[in-house]
Structures are given as structure tokens and as C-alpha cells.
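One-letter residues, chain by chain:
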Amino acid sequence: MNLRRWSGIALAIGLLIAGLHERALAFPVDGDQTTLPAKTELNEDALRRPREVFHSEITGRRSELIKLGNLAFSSPSILGNVAQQAGISCETCHVNGAGNAKFFMPKMSTRPGNFDTTGPLFNPKADNFILDPVRIPSLRGARYLAPYGHDGRMPSLHDFVRNVIVNEFAGPEPSPVIVDAIVAYIHDIDFLPNPNLGPGGRLVGQINDAERRGEALFMKPFPHDPGLSCAGCHVPSAAFVDHQQHDVGSGGLFKTPTLRNADFNAPYFHDGRFDSFDQVVAHFDRVFDLGLSAQDRRDLVAYLTAVGDGTQPYEHDGAGATLKEINNFTTVLGAAILANDKDIIALAVDTIGSELRELTERYPDRKNTSVSGGQQQRVLARVGLKELVLMLRRIDMAAAESRFSDTAAEYKNYRNLMTAAVPALLAGAEPWSLFNPAVHDAHYAALRQVMQTKHTAH
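The structure displayed is predicted, hence computed values, not measured ones. (Residues numbered from 1 in each chain as written. Predicted model: local features only at pLDDT ≥ 70, side-chain atom pairs only at ≥ 80, totals over all residues. Heavy atoms only, no water.)

Moving on to the overall build of the chain. In terms of helices and strands, the chain carries 16 helices and 6 strands. The globule rule puts the C-alpha radius of gyration for 458 residues at 23 Å, and the 24 Å found for the chain is close to it. Its C-alpha atoms give the chain principal-axis dimensions of roughly 75 × 50 × 50 Å. If the 45 positive side-chain charges of the chain are averaged to one point and the 52 negative ones to another, these points end up 5 Å apart. (Helix = DSSP H or I, 4+ residues; strand = E, 2+ residues; numbered from the N terminus. Rg over C-alpha atoms; globule rule 2.2 N^0.38 Å. Lys, Arg positive; Asp, Glu negative; His and termini not counted. Charge placed at Lys NZ, Arg CZ, Asp CG, Glu CD.)

Turning to the pattern of salt bridges, a few remarks are in order. For the coordinates displayed, the defined rule picks out 19 salt bridges. The partner of Asp406 in a salt bridge is Arg403, and the shortest N-O contact between them spans 2.7 Å. (Salt bridge = Lys/Arg side-chain N within 4 Å of Asp/Glu carboxyl O.)

What follows concerns the environment of Lys107. Checked against the element boundaries, Lys107 lands in the loop between α4 (90–93) and β2 (114–115). For Lys107, a relative accessible area of 73% gives the class exposed. Measuring from C-alpha to C-alpha, the distance between Lys107 and Lys220 comes to 42 Å, with 113 residues separating the pair along the chain. (Buried < 20%, exposed > 50% of the residue type's maximum accessible area, 1.4 Å probe, protein only.)

With that out of the way, let us pick up the confidence of the model for the chain. For the chain, the mean per-residue pLDDT works out to 91, and 91% of the residues sit at or above 70. Contacts of residues 1–26 to residues separated by more than four positions or lying in other chains number 50 contacts, the stretch itself having pLDDT below 50. (pLDDT = per-residue confidence, 0-100. Contact = heavy atoms within 4.5 Å.)

Quick look at the environment of Leu139 now. You can see Leu139 is positioned in the loop between β3 (134–135) and α5 (157–168). Overall, Leu139 belongs to the buried group, its relative accessible area being 13%. Counting along the chain gives 49 residues from Leu139 to Asp188, while the straight-line C-alpha distance between them is 9.8 Å. If near-sequence neighbours (up to four positions away) are discounted, Leu139 is found in contact with Phe73, His94, Gly97, Ala98, Ile186 and Ile189.

This brings us to the nonpolar core. Core analysis: the biggest nonpolar cluster contains 76 residues, and Leu333, Leu356 and Tyr414 have the highest contact counts within it. One finds Val248, Ala262, Phe277 and Val301 within the second-largest nonpolar core, a separate group that totals 26 residues. (Core = buried A, V, L, I, M, F, W, Y, C linked by side-chain atoms within 4.5 Å.)

Relative to the elements of secondary structure, Gly249 occurs in the loop between β4 (245–246) and β5 (254–255). Residue classification places Gly249 among the partly exposed positions, given a relative accessible area of 42%. Along the chain, Gly249 and Pro431 lie 182 residues apart, while their C-alpha atoms are 51 Å from each other. When neighbours within four sequence positions are excluded, Gly249 is seen to be in contact with His283 and Val287.

The next point concerns helix α10 (residues 294–307). If you check α10, its first and last C-alpha atoms are 20 Å apart, about what 14 residues at 1.5 Å a residue would give, namely 20 Å. Among the residues making up α10, those that are buried are Asp299, Leu300, Val301, Ala302, Tyr303, Leu304, Ala306 and Val307. (Expected span 1.5 Å × (residues − 1).)

The relation between two aromatic rings is expressed through the spacing of the ring centres and the mutual angle of the planes. Under the criterion given, the structure shown has 16 aromatic pairs. Look at Phe284 and Phe288: their rings are 5.8 Å apart centre to centre, the planes differ by 10°, and that puts the pair in the stacked class. Ring pairing ties together the aromatic residues Phe222, Phe269, Phe274, Phe284 and Phe288, which thus form one cluster. When the ring centre of Tyr314 is taken as reference, the NZ or CZ atom of Arg48 above it lies at 4.3 Å. For the cation-ring pair, Arg62 lies above Phe54, with the distance from its terminal atom to the ring centre recorded as 4.0 Å. (Phe/Tyr/Trp six-rings, centres within 6.5 Å; stacked < 30°, edge-to-face > 60°. Lys NZ or Arg CZ within 6 Å of the ring centre and 35° of its normal.)

What follows is about helix α14 (residues 404–420). Over its 17 residues, α14 extends 24 Å from the first C-alpha to the last, a length consistent with the 24 Å expected when each residue adds 1.5 Å. By the burial criterion, the buried members of α14 are Phe404, Thr407, Glu410, Tyr411, Tyr414, Leu417 and Met418. Buried residues of α14 fall within an arc of 135° about the axis and therefore sit on the same side. Relative to its buried face, α14 has exposed residues pointing more than 90 degrees away, namely Ser405, Lys412, Thr419 and Ala420. (Arc of directions from axis to C-beta.)

It is worth spelling out unusual backbone geometry at this point. Among all residues save glycine, negative phi is the norm, and among peptide bonds the norm is trans. Ala146 connects to Pro147 through a cis peptide bond whose omega is 0°. Along the chain, the position of Pro147 falls in the loop between β3 and α5. Omega for the bond connecting Ala266 with Pro267 falls within 30 degrees of zero, at 5°, which places this linkage in the cis form. With respect to the helices and strands, the residue Pro267 is situated in the loop between β5 and α9 (277–287). A positive phi angle is found at Lys39, which is not glycine, with a value near 75°. Among the secondary structure elements, Lys39 is positioned in the loop between α1 (3–17) and β1 (48–50). Phi at Phe269 is positive, roughly 80°, even though this residue is not glycine. Its location among the elements puts Phe269 in the loop between β5 and α9.

If you want it as C-alpha cells, here you go:
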């Protein structure tokens, strides 16, 4: 690697890249930098991300269809114009297949963690003229959780995915293979393992007295209706669901949500009205006149917490994890190039390019006064990533013109640069990147100050 050569082309690449694939990235503190409502929060500055566990990891091999679904899930380009301009994808709301409890969009949310899927912003034709947001759910274990939608209106995940793309986000009619791929990807997202749960969903291992008492209360019939119990709807042996819709005093019929990994699925209820298990238990105690004592409530919360647990729910975000995902997407691009599939090539180029540009912004440029030190390392990291984006642009252009030999050659160059140079450049700059908590906090504190000053001035 000739570092002087990289330094010499930095300015040229910076000028070139500015005109390529521009999109307005949502500022995680204040969304008025985008087409989104002011003060939108997408939690894009999070240093911890939900850990994603895949069913295919058991077999040791993910199918090409699942990989394509993962890529499409992360791509704004399958959605409508507003989502594309704002950089919104399925992944924005369902981070690594989990929920996004900090997601908040004025006029589309009433609290963090919910979103109005029939609001006017993304598809005015679907607007029902009522602010009725629903909780953003986790997709872990979705293959066990039919029917789909908060009200269980769709028995098919295939139909639900298409509805989200076309009706909720005004995207173009997706090809059958894209819908099939996204469904395959969602089906592959597993629950986090929970060592507290044994066969039939019963508690096992080192369970404390409160949790055992809570389990007994969970199974116990309601005093005023012996035909009802918590376990009657949240069936422990069936992923804590019954695949039915019920009215639990929250304003309508809604499907039974799973309790698996629920510790990390707050807020709770269909509209996210409750922040904690304590509030959920209090609601059921009041609506169904359960007559629970204070100790009973604590025991039920202890049980729900044990059932809703999961091993290593979060992992630190870093360049390595991002590069791993980009490399997974790159295998989809390689397969599409071999098949001369222009549509998938374009989708992959757009998605990978967006990921690379977002990664570039994790390495503040030399003008950023909130970061000191590592200037050369940061410049080289940014240059390397921007060169990859340029290569992707050339791949896309060659494929669009059916110059597939040139496409394959440029793809080889891309892979060589990604393997031989970029990981080392990013590792060298990581101490001065936004993956470093101290640098991250200083950077976002400065941005918040700028935004507060701007709002005060207006």
C-alpha cells in the first residue's frame, strides 16, 4: 500500500464523490437536515446495536436468497421517493431485525418506538387522517408468530412485506424474488437464546423464588373468568403466542405478542403506550380485576423478565461489524455480476454505496474541530472508502451498458482493495473515529450545540 499515493488522490476523490449517489442522511439528533420532520430521531448515533442471531447459523451456510433479502432489507431504493431521499430502509426501524425503541418522527409518532403506518408522509394515498401509530416490533422469531401486523390482519408474511413496501412506503411494485428474499431473511432471524427456558417454555436452571411464584401466577386462571389466564394467550410451549387477536382493554382487537426476548422489545402494547413490565402488569390487574397484591405484581414482573431474557442482546458497533455486513452484500453483487442481472447489480451497488458513505462519516474529516489527532489516518480511511464507492459507480455504469467483462474486472479491483487495504486503513483510524466512545460523545455534543443555537436563533 502506497500511502503517499492515497494522500495525493484524496482531494480529487473527494470532489468526484460529492456528485455521486447523493442522498440526505438523517441527522440523529435533529431531522431537519432531511426531508423528514424536524426533530426526527432515528438513533443512528447508537454505539450499541442489537445482536442478530440467524437460524441458518445452525447449518453453517446462509442461502443466496437470504443474503439478497438482507441486502434489500437494508436498501432505501426498494421504497418510495421520500424514504429514498431520507435514507429510510426496513433496517432503520428494525435494527438488525430487532426494534428501534428510540425511533421518533414528529407527526408520525406519539412517543419513541412507535410509528403511524397510515400517515401522510411516505404515502399520502394511504393516509387515514388519524394519528394512530403502532409499536415498532422486533422481527426475531417471526416465522413462529403469524398472523402479521399489530392487528393480525395478514396471515402471510409475503403479503405483509409487499404491503409495507407498496402501501406504507409508496415503493414500486417489487419483483417476486425481492419479496421472497426479504421473507426468507426475516424467517432466518432467530430469537436470542434464553438459558432460563426449557422444554415447553417452562423456567429451568437457577430460578429464584419470585420467578417461580410469578410462573404459577402466569398459569393461574383469572378469578372472575376461569377460562382466561395469561398462559392461555401467551402459550409457553408455542413461543408465548396463540396466533389469535384479543381485546385486552387497549382499544381494539390486537394479536398476542410474543414474550420471547421481550426484555429488549419495549415499549409495550400495540401502540407502545407502556414502558415497563410493571405498567403492563398493572394494566391487566386493573382491566381484568385480578386482585394482585404488590408482591404478586413484583413476582409476575420477575417471571416476565426471566422469560423475556436473551444471551448477549447487544454488541458494540465498529468498523469490523460494518465491513462484515458490507462483504455479505458484496457476495450478492458478485453473484449478480456472474448472472448479468442488471437489476440486482443496481440494487447492490446502491445499497453497498450507501453503507460505505455512512461508514465514511464515522471518520470525521479534517475540518471537524471536535476531533483532535489522527488527521492523516482519518483522511486515508475516508479516501479508501470513497475510492470503493467510485469503483461501485463504475461497476454500475458498465453493467447498465452491458459491458459485463468490464463489470467483472472492476468488481475484482473492488474486492482487492476491500481485502488488501481498507480494513487496515479503518483500523488505523479507529481511535479517532466515531466508534471511539470519547470521540463519539464529543462529536455529537458539538452537533447538538450547533442545532440548539440554530433553533434559539430562529
